[in-house]
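A look at the structure
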Amino acid sequence: MSDQDSNRYKATIHLPATDFPMRGDLPKREPVALARWEGEGLYARIRAQAKGRETWVFHDGPPYANGPIHLGHAVNKVLKDAVVKSRLLAGYDAPYVPGWDCHGLPIELAVEKKFGKVGSKLGDGVLDAAQFRAKCREYAQSQIDLQREDFKRLGVVADWDRPYKTMDFGYEAEMLRSLARIVERGHLARGVKPVYWCFDCGSALAEAEIEYHDKQSPAIDVAYAAKRPESLAAAFGAAVADGDEVAIAIWTTTPWTLPASLAVSLGPELDYVLVEGPRRADGARRLLVLAEALAAAALKRYGVDDVAVLGRAKGAELEGQHLRHPFYEGRDIPVILGEHVSAEDGTGAVHTAPGHGQEDFVVGQRYGLVDRHSAAELNPVDGRGVYLPSTPPADGVALAGMHVWKANDAIVGVLRDNGRLLAHVAITHAYPHCWRHRTPVIFRATPQWFISMEQAGLRRDALAAIRTVGWIPEWGEARIAGMIEGRPDWTISRQRTWGVPIALFFERETGEPHPDTPALMRRVADLVEKDGVDAWYALDPATLLGADAPRYEKVTDILDVWFDSGVTHACVLAKRPEDRLHKPAELYLEGSDQHRGWFQSSLLTGVAMDGAAPYRQCLTHGFTVDAQGRKMSKSLGNGIEPQEIIKTLGADILRLWILSTDYRNEMSLSQEILKRTADAYRRIRNTARFLLGNLHGFDPSGHAVAPADMVALDRWIVHRAFLLQEKIKAAYERYDFAEIVQSLSNFCSVDLGALYLDVTKDRLYTMQEDSLGRRSAQTAMHAIAEAMVRWIAPILSFTADEMWSYLPPAQGETARAGNVLFATWYEGLQPLPADAALSAEDFDRLLALRDDVAKVLEPMRAAGTIGAALEAELSLRCGVADQNWLAPFVDELRFLLISGDVRIVADDEAREIAVEAARTDKPKCVRCWQHRGDVGSDSDHPEICGRCVSNIGPGPGETRRWF
């Protein structure tokens, strides 16, 4: 036959046809889709479509408005976007109002770097505080604009035109109203307490702003000599001679705190021993008090090998003894008791500086040390980390004006010279650092404002509220509960310029807040809502306080930024009902570090204001690392920026990686992982393209086949899609995106790619265009495509948007209308009925048979006996039961097995179906490529089979029932 004759059947083959591109070319196509979304006001249209549905509120934790987004931002925002889109898919009205955290030190430092600090020269004048705040506001807005474009480029659909910003006047006013409510409910406290203090910030830090890094410190043992050695020795039942010294040995890694040492604490139930210590430089005998469990190790540090115990006593028996300060001769050092003292390390005795330690402060209050000593004695260190001018010299060595880190060596030298130093080594240990500057911090007692954990039961109520919340993963509950149980009072005051002031007045004599503080604060909030926080700084107290104004001082400290973001539930959720927001929110979602950050500050403010958590669920994600598990950083050169991925591969590839990863743990990323992700994307895209291509010419309103009339294989694949959709629904419900991606990938590769699409090609390509067999396959493919575009919408948002436009339009439409994000779960998938001609179990058996056939044919193919499976004829040797089972559909079985003829060989002894194969000698049909004995039976079509002759007509064509 000539080539011309060979091509005569091409027009009768119904090959796939679609303009849906094979190549995603995402970096080029995605920006076009974004421009269209923006032009048509997609978010507003989604809101209009969802109006009237049950509301499901996700609340966006605000990223900090400083710098371009990084990979962690991308992970966070894509996860949030997928959650919201999945809730839309589930039929909810799910608004997404994004926000930004705008106050705080990094912005202040960026402005200082460019314009200088308040008081610096600016043009012909001086940069005042109001101008400085205006510069901060401008800078924050520029960063918001920068980040917003990157978030949009990720495919995140949100109310980008109306985000919340913590620097908006209305938001700042609501912050003050929130604080007023907290004051009203009795949670505000003021006092001189030790707080974490960063010299670089020049401010107190919250617990959430602390991280631990290794630091080298001097570890020293110091002898605090008893004022009455005979009294201390007598407590151990021992006597001393004139000239003998009796001392309590303390161990510390902060020698710089010794100028603030006001007591020595012992454990009341610990066992102490009086032992022979090293002789003094003048040869006098020195007896030391040590915890018995630590005595041997301590003495070894002092060069004493033998432990000579002279007596034993409980710590409680030593309370009230008096010691000498190691270099301040006039200072009395009482022995006090504290439950914080342990026998885990050191000496079992703790030098106590209430101004430089939380536990020291608590025990110092109990014993009256805090009230008995001046502020400078409690804390002789200023905000720069330098000793105050009033700090007395240490045995003649000047400390005033010296930085505490330098003072360590100076004080060790003093102790060595005066004989008080028992041991000195350098150790490396975990030490608190500022999370912004990565520099060591200290505890420093300063006048601060606090939200008390105890005075109005906040700790108790917060722990109760935690138990009402769903924590994902479950370990989040124990983690945040442990943090709440152990956390100190929340220091909410900061001594900075850029932020929201703690707008209250306190009495100069007593330090107590004005009795009408909540009402006054609300009046200030009204002013701030109109003119911003500058209204507070410009306010004459007499305007609000009248004749009482001289008695009161105006607070100029600003609120901790964790308070700013912690009250978003009050400032956003409770204040935007027009956006269908409400509290509590259904979900908060952030990184796993937010148990100590935003989750906690939101919980504490929510409970302090309303007695309840502001969220029903909290979900956490991990952090990004490289393929070796190392944290990504510029110094290691292992970072991958989201902008780079989007530029080269597209946002949908980045989204697919994020949502295919177990985000609850660390998330590994490398170029190799991105390559594998791109391969997975291509499989999904190619499946979508094949489905769309085979829907060419299909009108669902006129061509769809009723389920009862569909070919059995088509009903089965719709059944499989129905089961998959149920699985995907459940996975979206529990935010298990990785399960969805894996299940979808398997469906595309196995159920569709390796089976259904492969099997149905013959039916789609060769049967008559309007035949029931072909329309049945198209009906199944249309249902799967309609479902699939919805499945992928929260994950591959750009691809789903593109796929949606290529699906067959609704009746009466010339093009697909609307948007995939308007759609809910596809209802056109149906499970197999109980009376199906072939059940799901039947198909399981058939697929197992298909695997058995492949095992037989593969060696034949490898040996060159056959090329394609269509060249093999199969014999199925089986018993009576299997013969009866196979009989109804054996004539069509070759289509499922993609083979030549299939015949049944009766073998009553057979318990299983045995597969036998041989190369066919039947000619090949040039149209369907099947090897058929009737090829050439029609003289008008000498090279095609009888089936193909009937399919090209005229006449009814081929009939299929099973495959």
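Anything mentioned here points back to the structure above.
Nothing here was measured: the structure is a model prediction, and the numbers come from that model.

1. A closer look at the packing of aromatic side chains
Inspection of the entire model under this criterion finds 30 aromatic pairs. When the centroid spacing of 6.4 Å and the interplanar angle of 40 degrees are considered together, the rings of W598 and F599 count as tilted. The class for W598 is buried, based on a relative accessible area of 3%. What makes F599 buried here is its relative accessible area of 0%. Consider the rings of Y732 and F737, whose centres lie 6.0 Å apart with planes at 65 degrees: the pair is edge-to-face. Through pairs of rings, three or more aromatic residues link up here, namely W716, F843, W885, F889, W962 and F963. Of note, K77 hangs over the ring of F151, and the distance from its end group to the ring centre comes to 4.5 Å. Seen from the ring of W197, R444 lies directly overhead, with NZ or CZ sitting 4.4 Å from the centre.

2. Some remarks on the sheet that holds strand β31 (residues 914-919)
Sheet architecture is open: three strands sit in the order β30-β29-β31, paired in mixed fashion. Across the chains shown, the open sheet's two edge strands, defined by having one partner strand only, are β30 (902-906) and β31. Between one strand and the next, the sheet's axes are offset by a mean angle of 25 degrees, whatever the strand orientation. Of the strand pairs in this sheet, strand β29 (residues 872-878) and β31 are connected by six bridges, and their pairing is antiparallel. Bridge assignment links L874 to a residue of β31, and that residue is A917. Docked against the sheet, helix α30 (residues 840-863) engages β29 and β31, running at close to 40 degrees with respect to β31.

3. Here's the deal with the pattern of salt bridges
Counting across every chain of the model gives 80 salt bridges. Between D526 and R177 there is a salt bridge; the shortest N-O distance is 2.9 Å. A residue pair is termed long-range when its members are at least 10 positions apart, and D526 in helix α16 (residues 517-531) and R177 in helix α7 (residues 169-184) qualify at 349 residues. Residue class for R177 comes out buried when judged on its relative accessible area of 18%. Taken together, the shared-partner salt bridges in this structure form one network comprising D159, R162, R576, E578 and D579.

4. Overview of the pairing of β29
A large share of β29 lies buried, amounting to five of its seven residues. Where β29 meets β30, five bridges bridge the pair, whose relative direction is parallel. Within β30, the position partnered with C878 by the bridge is A906.

5. Comments concerning the environment of W256
Within the secondary structure layout, W256 lies in the loop between β9 (245-252) and β10 (263-266). Since its relative accessible area comes to 4%, W256 is described here as buried. Separated by 156 residues in the primary sequence, W256 and V412 have C-alpha atoms spaced 9.0 Å apart. W256 has contacts with H356, V381, Y387, V404, W405, A407, N408, I411, I442 and F443, leaving out every residue within four places of it along the chain.

6. Looking at the environment of P98
Here P98 is to be found in the loop between α4 (71-89) and β2 (99-100). Note on P98: relative accessible area 1%, which makes it buried. Between the C-alpha atoms of P98 and D60, which are 38 residues apart in sequence, the distance is 5.5 Å.

7. Comments concerning the packing of helix α26 (residues 712-733) against α30
Across the interface, α26 lies against α30 with an axial gap of 11 Å and an inter-helix angle of 105 degrees. Taken together, α26 and α30 sit at an angle that is classed as roughly perpendicular. Across from A712, L713, W716 and H719 in α26, the residues of α30 making contact are A840, F843 and L847. Considering only residue class, the contact of α26 with α30 consists of six nonpolar, one polar and no charged.

8. Things to note about the side chain of Q321
Mapped onto the elements of the fold, Q321 is located in the loop between β13 (309-314) and β14 (322-324). On the basis of relative accessibility, which here comes to 12%, the residue Q321 falls in the buried class. Separated by 3.5 Å, the side chain of Q321 and the backbone nitrogen of L232 make a polar contact. Every residue in contact with Q321, bar those within four places of it in the chain, is listed here: S231, L232, A235, I333, P334 and V335.

9. Quick word on unusual backbone geometry
Note that the residue after I472, namely P473, is joined by a cis bond; omega there is -5 degrees. Positionally, P473 belongs in the loop between β19 (470-472) and α15 (475-486). For the bond from K583 to P584, the omega torsion is 5 degrees, close enough to zero to count as cis. The residue P584 is located in the loop between α20 (568-573) and β25 (587-591) in this model. Even without a glycine there, the phi angle at W929 is positive, about 70 degrees. With respect to the secondary-structure elements, W929 resides in the loop between β31 and α33 (946-952). For W929, a relative accessible area of 53% translates into the label exposed.

10. Observations regarding the packing of helix α24 (residues 671-693) against helix α27 (residues 737-766)
Where α24 contacts α27, the axes come no closer than 10 Å and their chain directions differ by 30 degrees. For the element pair α24 / α27, the angle class is roughly parallel. Our pair here, α24 against α27, has a crossing hand that is left-handed. Here R683, I684, T687, F690 and L691 of α24 lie close against α27, whose contacting residues are L744, S745, C748, S749, L752, L757, K761 and Y765. Residues belonging to the contact of α24 with α27 are distributed by class as follows: eight nonpolar, three polar and two charged.

Conventions we followed
Residues numbered from 1 in each chain as written. Predicted model: local features only at pLDDT ≥ 70, side-chain atom pairs only at ≥ 80, totals over all residues. Heavy atoms only, no water. Phe/Tyr/Trp six-rings, centres within 6.5 Å; stacked < 30°, edge-to-face > 60°. Buried < 20%, exposed > 50% of the residue type's maximum accessible area, 1.4 Å probe, protein only. Lys NZ or Arg CZ within 6 Å of the ring centre and 35° of its normal. Pairing = 2+ DSSP bridges. Helix = DSSP H or I, 4+ residues; strand = E, 2+ residues; numbered from the N terminus. Axes fitted to C-alpha atoms, helices over the stretch in contact; angles between N-to-C directions. Contact = heavy atoms within 4.5 Å. Salt bridge = Lys/Arg side-chain N within 4 Å of Asp/Glu carboxyl O. Parallel < 35°, antiparallel > 145°, perpendicular 65-115°, else oblique. Nonpolar A, V, L, I, M, F, W, Y, C, P; charged D, E, K, R; others polar. Polar contact = N/O pair within 3.5 Å; in protein donor to acceptor, adjacent residues only side chain to side chain. Left-handed = near helix turned anticlockwise from the far one by under 90°.

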